[in-house]
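# Examination of the molecular architecture
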Amino acid sequence: MNISQQEAGARPRARGTERSLARRAELIAIGRRLFAHTSYDALSMDDIARQAHVAKGLIYYYFQSKRGYYLAIVRDSVADLVTNAASGTELPQRDRVDRTIDGYLRYAEQNQAAYRTIVSGGVGFDTEVHAIRDGVREAIVATIAEGAYGRTDIGPLARMGLLAWVCGVEGATLDWIGRPELSRDALRDLLVRTLGGALRAVEEMDPAYPAPAPARRDA
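Below: a short report on this structure. Here the structure is a predicted model, which means the values were calculated and not measured. (Residues numbered from 1 in each chain as written. Predicted model: local features only at pLDDT ≥ 70, side-chain atom pairs only at ≥ 80, totals over all residues. Heavy atoms only, no water.)

### Comments concerning the overall build of the protein chain
The number of helices and strands found in the protein chain is 9 helices and 0 strands. For the protein chain, the α and β elements follow one another from N to C terminus as α-α-α-α-α-α-α-α-α. Buried residues in the protein chain amount to 43% of all 219 residues. Sequence separation of 24 or more characterises 65% of the internal contacts of the protein chain that already satisfy a separation of 6 or more. Accessible area for the protein chain stands at about 11,900 Å²; split by element, carbon and sulfur atoms hold 54% of it. (Helix = DSSP H or I, 4+ residues; strand = E, 2+ residues; numbered from the N terminus. Buried < 20%, exposed > 50% of the residue type's maximum accessible area, 1.4 Å probe, protein only. Contact = heavy atoms within 4.5 Å. Areas by Shrake-Rupley, 256 points an atom, 1.4 Å probe, with all protein chains shown as cover.)

And the structure:
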């Protein structure tokens, strides 16, 4: 068999791979809509297949199990959140922080069930969901550190100060989606102000990490 024949034989497989990836992505997009406000336990595989208008076996083929399908959905939606948080580097510091927090709150608001799963750690003690949650935390910490200090390789005290703030954001957001008594704008502004307090506290304890101008009381 010559090279041309070998290449010709490979092309259908490549097209098949592309179709498989597209089909998998389509199923994830469907799942994101289904699980946006519905908990993991509330939908059976039969429910999912019926609402997605696909054979149940197709979901098993791509994801092996309901849990595998759900984790793929959570990872995909979280990837959007992390990508959004890391973008906007051309904006002024305050605008970037506002944009990052607003995007975070929008995600939680529009994906309430998935957000609760991530923050609470999944069904029981789910190490994979914990890993997803930890990844989101570190991404947000890195985004804030880059904006505040111009770098992500920060010392342990600065990292802990930002991580404590992120964990507080998680708790406030979890309460907010259950009791949306504040507008998203009001909660965003409150969280921005508490971030300023965290940055000032870090500076007081470690002057190597001065709070940026927008966080300073004398700015």
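### Quick look at the nonpolar core
Within soluble globular proteins, side chains that are nonpolar tend to cluster in buried spots. Counting 61 residues, the largest nonpolar core has Y69, Y149, L162 and W165 as the members making the most contacts within it. If one sorts the elements of this core by residue count, helix α7 (residues 127-149) sits on top with 9 residues. Those residues in contact with Y149 that sit more than four places away from it in its chain are I154, A158, L162, L199, V202, Y209 and P210. (Core = buried A, V, L, I, M, F, W, Y, C linked by side-chain atoms within 4.5 Å.)

### What to know about the environment of S20
Inspection of the secondary structure assignment puts S20 in helix α1 (residues 3-35). Along the backbone, S20 and Y62 are 42 residues apart, and their C-alpha atoms lie at a distance of 8.6 Å.

### Some words on helix α9 (residues 184-205)
An α-helical turn contains 3.6 residues, so a residue and the one three or four places further along point in the same direction. Spanning 22 residues, α9 covers 32 Å between terminal C-alpha atoms, matching the ideal 32 Å at 1.5 Å per step. Considered for burial, the residues of α9 that qualify are R184, L187, R188, L191, V192, L195, G196, A198, L199, R200, V202 and E203. Tucked inside the fold, the buried residues of α9 contact α5 (93-110), α7 and α8 (156-178). (Expected span 1.5 Å × (residues − 1).)

### Examining the layout of surface pockets
In this model, the largest pocket occupies a volume close to 330 Å³. Lining of the largest pocket is provided by 19 residues; of these, R94, V192, G196, P214 and A215 occupy positions nearest its centre. At the level of secondary structure, the elements contributing two or more residues to the lining of the largest pocket comprise α5, α7 and α9. Ranked by residues supplied to the lining of the largest pocket, first place goes to α9 with 6 residues. Of the residues in the lining of the largest pocket, the class split is 9 nonpolar, 5 polar and 5 charged. (1 Å grid on protein atoms, 1.4 Å probe; cavity = no way out; pocket = protein on both sides within 12 Å on 5 of 7 lines; lining within 4 Å. Points joined across faces, edges and corners; volume = space filled by probe spheres on them. Nonpolar A, V, L, I, M, F, W, Y, C, P; charged D, E, K, R; others polar.)

### Points about the packing of aromatic side chains
The full count for this structure, using the stated rule, is 7 aromatic pairs. Ring plane angle 50° and centroid distance 6.4 Å describe the contact between Y62 and F63, whose orientation is recorded as tilted. We classify Y62 as buried; its relative accessible area is 16%. On the basis of relative accessible area, F63 is assigned to the buried category, the value being 4%. Both rings, one in Y104 and one in Y115, keep their centres 5.8 Å apart while their planes meet at 90°; by these two values the pair is edge-to-face. Of this pair, Y104 sits in helix α5 while Y115 is found in helix α6 (residues 112-120), placing the two residues 11 residues apart along the sequence. By the burial criterion, Y104 is buried, and Y115 matches it. Feature note: the residues Y61, Y62, F63 and Y69 constitute an aromatic cluster, connected by ring pairs. Sitting above the plane of the Y40 ring, K66 keeps its charged end 4.3 Å from the centroid. (Phe/Tyr/Trp six-rings, centres within 6.5 Å; stacked < 30°, edge-to-face > 60°. Lys NZ or Arg CZ within 6 Å of the ring centre and 35° of its normal.)

### Some details on the environment of D206
Mapped onto the elements, D206 comes out in the segment after α9. Each C-alpha atom of the pair D206 and A158 lies 7.8 Å from the other, and the pair is 48 residues apart in sequence.

### Details of the pattern of salt bridges
Applying the stated criterion across every chain, the model contains 18 salt bridges. For R23, the salt bridge identified is with E26, shortest N-O distance 2.9 Å. With a gap of 3 residues between them, R23 and E26 both fall in helix α1, about one helical turn apart. For R23, a relative accessible area of 24% gives the class partly exposed. (Salt bridge = Lys/Arg side-chain N within 4 Å of Asp/Glu carboxyl O.)

### Description of helix α2 (residues 45-52)
Burial in α2 covers these residues: M45, I48, A49 and A52. Looking down the long axis of α2, one finds its buried residues gathered within 95° of arc, a one-sided arrangement. Taken from the residues just after α2, H53 is the one with a positive phi, measuring 60°. (Arc of directions from axis to C-beta.)

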